[in-house]
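# Topology and contacts: notes
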Amino acid sequence: MSLLEEHYFIGVDVGSGSVRAALVTSGGHVKNVSSHPLQIWNPRPKFYEQSSDNVWNACCMVVQTVTQDVDKDLVKGIGFDATCSLVVLDKDFKPTTVSLTGNDEQNVIMWMDHRAQDQADRINATKHDVLKYVGGKVSLEMDMPKILWLKESMKSRCWDVASHFLTLSDFMTWKATGSLSRSLCALTCKFNYQSSPGKTGWNKDYLRRIGLEELIQDNFSKIGNTVLSSGQPCGSGLSQKAAQELGLNPGTCVGAGILDAHAGAIGCLGCNVPDLDIPLTSKLAMTCGTSTCHMILSKEMRFVQGVWGPLYGAVAPGLWLHEAGQSAAGKLIDHVIEMHPAYTDLKERAKSRGAHIHSELNEILEKLSQKQGLSNRGQLTADLHMWPDFHGNRSPVADSSLKGMLCGLTLNATKESLALIYLATVQALAYGTRHILDVMKTSGYEDIQAVCACGGLSKNSLYIRMHADIVGLPFILPQESESVLLGSAILGAIAASHIPTIEDAMKSMCGNGEMVKPDMTVQEFHNKKYKVFLKMLSDQQSYQQIME
């Protein structure tokens, strides 16, 4: 093994429910992985909170675990990705509560927190020019509506003492290095920071118009005035204190962070499939987990209604990013399964067999399709249809008020009934992806040739099969299953000058993948169900109008 091959990089992924770390070789192979759960507070409906101290402590545990048998001199860099949750600290960098409970430990508003609906609506009512870079509307999952909520709802307890508002990924790099630099990815995607050739920075007029003029003070110190592209070195590397807590050497290079789904895009878009040469800008990345994000890069600036972007340099320098998504994906599937009467018995059965409940359900569906003489399991839901927005629609409708719908229920409470509802849920998410792609195609993205999928849900064969069949595109699954962790480790590799650019890293570290081709024999069936899917949206909007 050469000296170059013996170098390692660490990727840290702060997800919704856990912190994970991986030790990654210079060639992109994930050697060790460790995970530690995070605490989530849900004090009120739609309120979701975490603790930045809890996050950092979990990070230290998992990094120590993946490097326990490794010479620390061989660990050359570390990168962090995280959800777009908002962290609030005071002037002494201590946690400042964001919770109506008053507990300072609860100083993180999670990405999926929906408390700031009114603030998002009022920001969108300004129709400010900045909003065209987020599909025409801010989402209440973004950070400016949440900061405005804190100003209006917790002025004395939080707003008056808050000195630093950071996304979770920027909190992690600050904690690691002491540098208050911000990630261009986080700021452009979630803070309405402007980035385009010749026009980069905070828009003062926008901040004044939305009622957050205080953020302009002291050269935008509360929201950041030093902005780095993904993987650029932060500060002087790991501080003495952070190095001791992580079990690494002081000065170990730290790359500017990135949002979790975007790390997945870095880790899977460069995945190679033999005899399939598709340009980077003709592949859509899907990071499928608790929520799902759909991302595509472009050399041209385009505007897509209801889809976030165009965001210049948010993932790779010189390329524009568009990001769509579904607020509830894995969380929706779990919810639908767990609310069914047959769930408990099926869960016990899966546990006794050492299997995941999804595997049990997939097996039931296979037996049902064989019994009915069907060539494809997807055809089992001819009279069962779902609209999946139980937590609102992020893209492309961009309407957080939308609710879930299920048509075709019976009194059947068997495990077969559960399996069919589970299938309808998975299909509904796939029709949602098709809806996003259809809107993107009308805005210039006509050359999407494949989808690269990563994240927990990508390991569910039914989820991938239904998406390939419904979208009508091949799906590429990386052989390296930990694409998100690989993506964050790549940031550490860039910071350590192991590799010059994000695009170079994608080509050399993402490895090979397997392709799942769509079954075109069921295209007509899914075209019909897709019409029903869109009709359900129209019907729900009609119901809202009637009730108004």
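Residues numbered from 1 in each chain as written. Predicted model: local features only at pLDDT ≥ 70, side-chain atom pairs only at ≥ 80, totals over all residues. Heavy atoms only, no water.

Turning next to helix α18 (residues 523–547). Between its terminal C-alpha atoms α18 stretches 36 Å, which fits the 36 Å expected from 25 residues at 1.5 Å a residue. Those residues of α18 lying buried are Phe525, His526, Lys529, Tyr530, Phe533, Met536, Leu537 and Gln540. Looking at the buried positions of α18, the neighbouring elements they touch are β18 (385–387), β19 (405–407), α14 (415–441) and α15 (461–471). (Helix = DSSP H or I, 4+ residues; strand = E, 2+ residues; numbered from the N terminus. Expected span 1.5 Å × (residues − 1). Buried < 20%, exposed > 50% of the residue type's maximum accessible area, 1.4 Å probe, protein only. Contact = heavy atoms within 4.5 Å.)

On to the packing of aromatic side chains. Per the stated rule, a full pass over the model turns up 13 aromatic pairs. Relative to Phe533, the ring of Tyr530 has its centre 6.2 Å away and its plane inclined at 15°; by these criteria the two rings are stacked. Placement of both Tyr530 and Phe533 in helix α18 is noted, with a separation of three residues, approximately one turn of the helix. Exposure class is identical for Tyr530 and Phe533. Each is buried. An aromatic cluster of at least three residues, connected via ring pairs, comprises Phe191, Tyr193, Trp202 and Phe220. Positioned above the aromatic ring of Phe47, the side-chain terminus of Arg44 is 5.8 Å from the ring centre. One Lys or Arg, Arg302, reaches over the ring of Tyr445 and ends 4.6 Å from the middle of that ring. (Phe/Tyr/Trp six-rings, centres within 6.5 Å; stacked < 30°, edge-to-face > 60°. Lys NZ or Arg CZ within 6 Å of the ring centre and 35° of its normal.)

Once that is clear, we can look at helix α17 (residues 502–509). Restricting attention to buried positions, one finds in α17 the residues Ile502, Ala505, Met506 and Met509. Mapping the buried residues of α17 onto a view down its axis gives an arc of 105°, with all of them on the same face. Following α17 by one or two positions, Gly511 adopts a phi angle in the positive range, close to 70°. (Arc of directions from axis to C-beta.)

Cis geometry marks the peptide bond from Gly309 to Pro310, where omega comes out at 5°. Mapped onto the secondary structure, Pro310 falls in strand β16 (residues 308–312). Omega for the bond connecting Ser395 with Pro396 falls within 30 degrees of zero, at -5°, which places this linkage in the cis form. Positive phi outside glycine occurs at Asp275, with the angle close to 65°. Of note, Asp275 is situated in the loop between α10 (260–269) and β14 (283–288). For Ser497, which is not glycine, the phi torsion reads 60° and is therefore positive. Note that Ser497 resides in the loop between α16 (483–495) and α17.

Strands sit in the order β16-β17-β15-β14-β20-β21-β22 across an open sheet of seven strands; the sheet is mixed. Edge positions in the sheet fall to β16 and β22 (513–516), since each has one partner strand and no second. For this sheet, the mean angle separating the axes of adjacent strands, direction not counted, is 25°. Across seven bridges, the pairing between strand β15 (residues 292–298) and strand β17 (residues 320–326) is antiparallel. Considered in β17, the bridge of Cys293 is made with Gly325. (Pairing = 2+ DSSP bridges. Axes fitted to C-alpha atoms, helices over the stretch in contact; angles between N-to-C directions.)

Moving on to the packing of α14 against α18. Contact pair α14 / α18: the axes reach a minimum separation of 10 Å and the direction vectors enclose 80°. Comparing their axes, α18 and α14 come out roughly perpendicular. Contacts between α14 and α18 involve Gln427, Ala428, Tyr431, Gly432, Arg434, His435 and Asp438 from the first element and His526, Asn527, Lys529, Tyr530, Phe533, Leu534 and Leu537 from the second. Counted by class, the contact of α14 with α18 contains six nonpolar, five polar and three charged residues. (Parallel < 35°, antiparallel > 145°, perpendicular 65-115°, else oblique. Nonpolar A, V, L, I, M, F, W, Y, C, P; charged D, E, K, R; others polar.)

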